[in-house]
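Here is how the chains run, residue by residue.
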Amino acid sequence: MMKNNLELDKPQKFVVVETEKGVLLRSDSSVKFHKDIVEKMKNEGVEIISIKGGAKIKIEDKNIYVWDKSGVYGEVSFPEVLEILNKDFPGREVLNYEPAV
């Protein structure tokens, strides 16, 4: 399975996609729209079977915040995101709301 590419301490958009190799959460702090992440993935040769939704994410030392939804791809399943993040970031609490500024 492909590794997720999350950046620490940066709010960023992400999408969850199903590929031939499994479910992948892909983020990018430089894009304006969720569809830009999908386009980058396609340009990298990732064969996407389905797009499961999108949201925003910020990873801090002890917490991971997941909030909002994609205007194009809709809301992502929080339990599915929780499963992915718990594998990649054990020991951090995943919260389903926007972090305080």
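Presented here is an overview of the structure given in this document. Model, not experiment: these values are computed from the prediction.

## Side note on the overall build of the protein chain
Counting secondary structure elements, the protein chain contains two helices and five strands. In the protein chain, the succession of α and β elements from N to C terminus is β-β-α-β-β-α-β. In terms of C-alpha radius of gyration, the protein chain reaches 13 Å, essentially the compact-globule figure of 13 Å for 101 residues. Expressed along its principal axes, the backbone C-alpha trace of the protein chain runs to roughly 35 × 25 × 20 Å. For the protein chain, the proportion of its 101 residues judged to be buried stands at 42%. Restricting the contact set of the protein chain to residue pairs at least 6 apart, pairs at least 24 apart contribute 50%. Taken together, the 16 basic and 18 acidic charged side chains of the protein chain have centroids lying 3 Å from each other.

## Observations concerning unusual backbone geometry
Of note, Asp9 is a non-glycine position whose phi angle comes to about 60°, a positive value. With respect to the helices and strands, the residue Asp9 is situated in the segment before strand 1 (12-19). By relative accessible area, Asp9 is classed as partly exposed at 48%. Positive phi values are uncommon outside glycine, yet Asp68 reaches one of about 75°. Along the chain, the position of Asp68 falls in the loop between strand 4 (63-67) and helix 2 (78-88).

The rules behind these values
Residues numbered from 1 in each chain as written. Predicted model: local features only at pLDDT ≥ 70, side-chain atom pairs only at ≥ 80, totals over all residues. Heavy atoms only, no water. Helix = DSSP H or I, 4+ residues; strand = E, 2+ residues; numbered from the N terminus. Rg over C-alpha atoms; globule rule 2.2 N^0.38 Å. Buried < 20%, exposed > 50% of the residue type's maximum accessible area, 1.4 Å probe, protein only. Contact = heavy atoms within 4.5 Å. Lys, Arg positive; Asp, Glu negative; His and termini not counted. Charge placed at Lys NZ, Arg CZ, Asp CG, Glu CD.

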